[in-house]
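For reference, the chains in residue letters:
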Amino acid sequence: MESPVPQVILEAGGKSTEDGHGMICQTCHEPHGARNDWMLVLPPSRLCIACHDDKDPDVASKDGMPFHKIGQTYPGFDPPQSLLDEAALFGANGELSCLSCHRLHDASGAKPLLIKDNRDSGLCFECHKEEKAMLDSPHDLRHSAPDTVNAQGQRPSESGPCGTCHRIHGWA
């Protein structure tokens, strides 16, 4: 059986369990001689993408729709102070990283390991403040079409006002 740890992580110094089939702290962290922040074996987003290769910014989404690209700068975007206060990580010029929205070790119960709860699209609206205007409008399918489902089978009440049509890593 092949190791669940991608080769690129193993080559960077990541380890797995003795039988080679499990993840341990040293899969991602290199306690002695680490070359990256937080004692990581690879830079943060590269480490994430090593396992979550469907989020790779160099690979187009399966359906060809746009999505938030890791490492991309968006004109006029300044990381919101509210996320910086939550220790969100952005590049020097505001580039997105996996850690702009996700936190691995202390995600405060938000799923999927989000820096803050995205109920009712709260995390989305931190950066997309102008989009709050759609709340309670005909565009808000929680009110105008509450029984519709997105590609994940979620109704607007489950996906939130943004998640009915949009996904961070692709379209709903």
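Everything discussed here concerns the structure shown above.
Residues numbered from 1 in each chain as written. Predicted model: local features only at pLDDT ≥ 70, side-chain atom pairs only at ≥ 80, totals over all residues. Heavy atoms only, no water.

**Student:** Please explain the environment of Cys101 as it appears in this structure.
**Tutor:** Mapped onto the elements, Cys101 comes out in the loop between α4 (81-84) and α5 (122-127). Counting along the chain gives 11 residues from Cys101 to Phe90, while the straight-line C-alpha distance between them is 9.5 Å. Beyond its immediate stretch of four places on either side in the chain, Cys101 contacts Leu113, Leu114, Ile115 and Leu123. (Helix = DSSP H or I, 4+ residues; strand = E, 2+ residues; numbered from the N terminus. Contact = heavy atoms within 4.5 Å.)

**Student:** Please explain the state of the cysteines as it appears in this structure.
**Tutor:** Two cysteines form a disulfide when their sulfur atoms are joined by a covalent bond. Under the criterion given, the structure shown has zero disulfides. Looking at Cys48, it has no disulfide partner, and the nearest cysteine sulfur is the one in Cys98, 3.9 Å off. No disulfide involves Cys124; its nearest neighbouring cysteine sulfur is the one of Cys162, lying 4.3 Å away. Among the residues examined, Cys124 registers a relative accessible area of 15% and is labelled buried. (Disulfide = S-S within 2.5 Å. Buried < 20%, exposed > 50% of the residue type's maximum accessible area, 1.4 Å probe, protein only.)

**Student:** Help me understand the pattern of salt bridges in this model?
**Tutor:** Side chains that differ in charge, positive against negative, can pair when their charged atoms come close. In total, this model carries seven salt bridges according to the counting rule given. A salt bridge links Arg35 to Glu30; its shortest N-O distance comes to 3.7 Å. You can call Glu30 buried: its relative accessible area is 14%. Note that Asp117 is salt-bridged to Arg119, the shortest N-O span being 2.5 Å. Overall, Asp117 belongs to the partly exposed group, its relative accessible area being 36%. Look at Arg119 and you get exposed, because its relative accessible area is 61%. Three or more residues are tied together by salt bridges with common partners; here these are Asp120, Asp140 and Arg142. (Salt bridge = Lys/Arg side-chain N within 4 Å of Asp/Glu carboxyl O.)

**Student:** Mind showing me how you'd approach the packing of aromatic side chains here?
**Tutor:** For any pair of aromatic rings, geometry is given as the distance between the ring centres together with the angle between the planes. Tallying each qualifying case throughout the model produces one aromatic pair. Measuring from centroid to centroid gives 5.8 Å for Phe77 and Phe90, while their planes differ by 50°, and the two rings are tilted. A residue pair is termed long-range when its members are at least 10 positions apart, and Phe77 in the loop between α3 (44-51) and α4 and Phe90 in the loop between α4 and α5 qualify at 13 residues. Exposure remark for Phe77: the relative accessible area of 19% places this residue in the buried category. (Phe/Tyr/Trp six-rings, centres within 6.5 Å; stacked < 30°, edge-to-face > 60°.)

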